[in-house]
Amino acid sequence: MSAAGSLQASQLQPYLVEAEALLAQSRQHEAEWLRQARHNALQVFYKQGYPNTRLEAWKYTRLNLDTKAFHLARPVQVYADALNHLPLLDLSPHRIVLMNGYVDKQLSRIDDLPAYVKVSSLCEEPELVKQTLQQQKPSDGLQALNLGVMQDGVVINIADGHELDVPLHIIHLTETDTPVASHNFNLISVGNNTRATIIESFHCLGGADYFSNSQSVIQLKQGAGLNHYRLQLDAQQAMHVSTREIQQGRDSHFSAFTLSLGGGTVRDALDVQMRGAGAECYLNGLFVANDRQHHDFHINVEHQAPQCLSREFYRGIAAGRGRGVFDGRVLVAAHAQGTDAAMSSKNLLLSAHAEIDVKPWLEIYADDVKCAHGATVGQIDAEALFYLRSRGVDEAEARSLLTFAFVNEVLDKISDVPIKKSLQAVVNTHLALQGAV
């Protein structure tokens, strides 16, 4: 074992020992560049260790990864009928299924995709993402860990000059009876002047605690457009960490909606790099943290080119002893003149024991810009509640109506009507089942 630096060998999770053993066995069939990239990433991880609250970016989120002994996740076989109850399944005829972090071809439905859409497994064709992987510079220990022990992932390449008229649905499933850790790396590339919609959802089919560490790179070429919808419904005891890096070319358009409802400890990091002039991004999201759930939205938008526009519109709800975090940063580089950026985070506390921390901030080095941000944390508006009560609505129903109105403010940002209705139904059902309203 080559553990060094701040992370001692005695602190290693079983899955790290297993991963080192697999890497040793892979010398015969993995390319030298990939083995070297894994080795270098693991050395970074062993030096930095798991992120902790002493790091500013992790100030409000404690992972406690040393409290459970996770083993490396393995693919398991389940019948297609097990997917029938999953929400959003009827929104697309095309689906890519990852089971415990591995692409499952039997559960996936990609045979009838248009010829200009290529879907493959990272395990099968790592050379397709060679340049991307070699350019990855982990910002913390978990990103280094992902690169070091990544098991598999999906690679989607959509050629130039096309418009995919139906969504692609990426489904992440976990099925295990022992605590496991899964690490996958995904690459999505949208060609020049191409339009597409991708739905991504996370689910548990039953089982023990698990740790999901997912990393994705999304590349938008010149004039490309992507609508990305993300639904997180992991098991209530799960630990979910996800990082998405968006690389935007000239005049590209990226729109994202993130709905985070499941999981025990959840961190969703979105890093948008606007590298080409005239790029636009619209980031919207909602988390609901109930009981002892912890949800952390970590958003970083970098305006690296002139005449770019960004909009962030996030909502958070905390009930019971739930805790939420919104950490949003907008960076405007010195040469990014003509930047137009706005950020909004509004949060609702539904109990005296709930807590939400917000930290919106701007870092501006250009002088010809229009930037604004705002954040609020509060309870249900007393005047609105009194108004409904005075009209004969009982208190419980009045609170429910006001909460749903708060949720719909962000759901109304979804332009795709079928997707909007489906996510609205998921939220309504979740709020009712969790007793948050």
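Residues numbered from 1 in each chain as written. Predicted model: local features only at pLDDT ≥ 70, side-chain atom pairs only at ≥ 80, totals over all residues. Heavy atoms only, no water.

Moving on, we get to the packing of helix H2 (residues 32–48) against helix H4 (residues 141–149). Running from amino to carboxyl end, H2 crosses H4 at an angle of 150 degrees, the nearest separation of the two axes being 7 Å. Overall, the two elements H2 and H4 adopt an arrangement that is roughly antiparallel. Relative to H4, the crossing made by H2 is left-handed. Along the contact surface, H2 presents Ala 37, Arg 38, Ala 41, Leu 42, Val 44, Phe 45 and Gln 48, while H4 presents Gly 141, Ala 144, Leu 145, Leu 147, Gly 148 and Val 149. (Axes fitted to C-alpha atoms, helices over the stretch in contact; angles between N-to-C directions. Helix = DSSP H or I, 4+ residues; strand = E, 2+ residues; numbered from the N terminus. Parallel < 35°, antiparallel > 145°, perpendicular 65-115°, else oblique. Left-handed = near helix turned anticlockwise from the far one by under 90°. Contact = heavy atoms within 4.5 Å.)

Attention shifts here to the layout of surface pockets. Empty space among the atoms becomes visible once a probe the size of a water molecule is rolled across them. Put simply, the largest pocket is a space of about 680 Å³. Residue lining of the largest pocket: 34 residues in total, with Ser 139, Gln 143, Asp 271, His 298 and Asn 300 positioned closest to the centre. Where the lining of the largest pocket is concerned, the elements lending two or more residues are helix H3 (130–135), H4, strand S9 (210–220), strand S11 (239–248), strand S13 (265–274), strand S15 (294–303), strand S17 (323–332) and strand S19 (355–364). Take the lining of the largest pocket: its biggest share by element is five residues, from S13. Class assignment for the residues of the lining of the largest pocket results in ten nonpolar, 13 polar and eleven charged. (1 Å grid on protein atoms, 1.4 Å probe; cavity = no way out; pocket = protein on both sides within 12 Å on 5 of 7 lines; lining within 4 Å. Points joined across faces, edges and corners; volume = space filled by probe spheres on them. Nonpolar A, V, L, I, M, F, W, Y, C, P; charged D, E, K, R; others polar.)

Turning to the sheet that holds strand S16 (residues 309–318), a few remarks are in order. With respect to topology, ten strands assemble into an open sheet ordered S3-S2-S6-S8-S10-S12-S14-S16-S18-S20, the strand pairing being mixed. Pairing within the sheet leaves two strands with one partner each, and these edge strands are strand S3 (102–109) and strand S20 (369–378). With direction set aside, neighbouring strand axes in the sheet form an average angle of 10 degrees. Pairing between strand S12 (residues 253–260) and strand S14 (residues 280–289): eight bridges, direction parallel. Residue pairing in the sheet places Ala 256 in a bridge with Leu 283 of S14. The sheet strands contacting helix H6 (residues 395–411) are S12, S14, S16 and strand S18 (339–349), and the helix crosses S16 at an angle near 155 degrees. (Pairing = 2+ DSSP bridges.)

Our focus in this paragraph is unusual backbone geometry. Look at Asn 193: it is not a glycine, yet its phi comes out positive at around 55 degrees. Relative to the helices and strands, Asn 193 is located in the loop between strand S7 (180–190) and strand S8 (195–207). On the basis of relative accessible area, Asn 193 is assigned to the exposed category, the value being 53%. For Gln 307, which is not glycine, the phi torsion reads 60 degrees and is therefore positive. Examined against the element boundaries, Gln 307 turns out to sit in the loop between S15 and S16. (Buried < 20%, exposed > 50% of the residue type's maximum accessible area, 1.4 Å probe, protein only.)

Okay, the side chain of Glu 30 next. Here Glu 30 shows up in the loop between helix H1 (14–25) and H2. When near neighbours in sequence (up to four residues on either side) are disregarded, Glu 30 contacts Arg 35 and Arg 38.

Next up on the list: empty space enclosed by the protein. Taken as a whole and judged by the stated rule, the model has two cavities of 30 Å³ or more. Approximately 80 Å³ is the volume attributed to the largest cavity. Among the elements that take part in the lining of the largest cavity, strand S6 (residues 168–176) stands out by supplying three residues, more than any other. Partitioned by chemical class, the residues of the lining of the largest cavity number four nonpolar, seven polar and one charged.

Position of Asp 296 relative to the elements: it lies in strand S15. A sequence separation of 20 residues divides Asp 296 from Gly 276, and the C-alpha atoms of the two residues are 29 Å apart. Discounting residues that sit within four places of it in the chain, Asp 296 has contacts with Thr 61, Val 266, Arg 267, Asp 268 and Val 325. Separated by 3.0 Å, the side chains of Asp 296 and Arg 267 make a polar contact. (Polar contact = N/O pair within 3.5 Å; in protein donor to acceptor, adjacent residues only side chain to side chain.)

All right, on to the nonpolar core then. Judged by nonpolar contacts, the single largest core of 48 residues is most densely connected at Ile 156 and Leu 283. In terms of residue count, the dominant contributor to this core is S14 (four residues). Sequence-distant contacts of Ile 156, defined by excluding residues within four places in its chain, comprise Ile 96, Lys 118, Val 119, Leu 168, Ile 170, Leu 187, Ile 188, Ser 189 and Ile 198. Formed by 28 residues, the second largest nonpolar core is a distinct cluster that contains Leu 91, Phe 257, Phe 313 and Leu 348. (Core = buried A, V, L, I, M, F, W, Y, C linked by side-chain atoms within 4.5 Å.)

Turning next to the packing of aromatic side chains. Taken as a whole, this structure holds six aromatic pairs when the rule is applied. Residues Phe 297 and Tyr 314 carry aromatic rings whose centres are separated by 5.4 Å and whose planes lie at 65 degrees to one another, so their mutual orientation is edge-to-face. Taken together, the residues Phe 297 in strand S15 and Tyr 314 in strand S16 connect sequence positions 17 residues apart. Assigned by exposure class, Phe 297 and Tyr 314 land together as buried. Aromatic pair Tyr 314 and Phe 326: ring centres 5.4 Å apart, planes at 40 degrees, arrangement tilted. One end of the pair, Tyr 314, is in strand S16; the other, Phe 326, is in strand S17, with twelve residues separating them in the sequence. Both residues of the pair, Tyr 314 and Phe 326, count as buried. Here the aromatic residues Phe 287, Phe 297, Tyr 314 and Phe 326 are joined through ring pairs into a cluster of three or more. Its end group placed over the ring of Trp 58, Arg 267 keeps NZ or CZ at 3.7 Å from the ring centre. Its guanidinium or amino end placed over the ring of Phe 313, Lys 413 lies 4.4 Å from that ring's centre, counting from NZ or CZ. (Phe/Tyr/Trp six-rings, centres within 6.5 Å; stacked < 30°, edge-to-face > 60°. Lys NZ or Arg CZ within 6 Å of the ring centre and 35° of its normal.)

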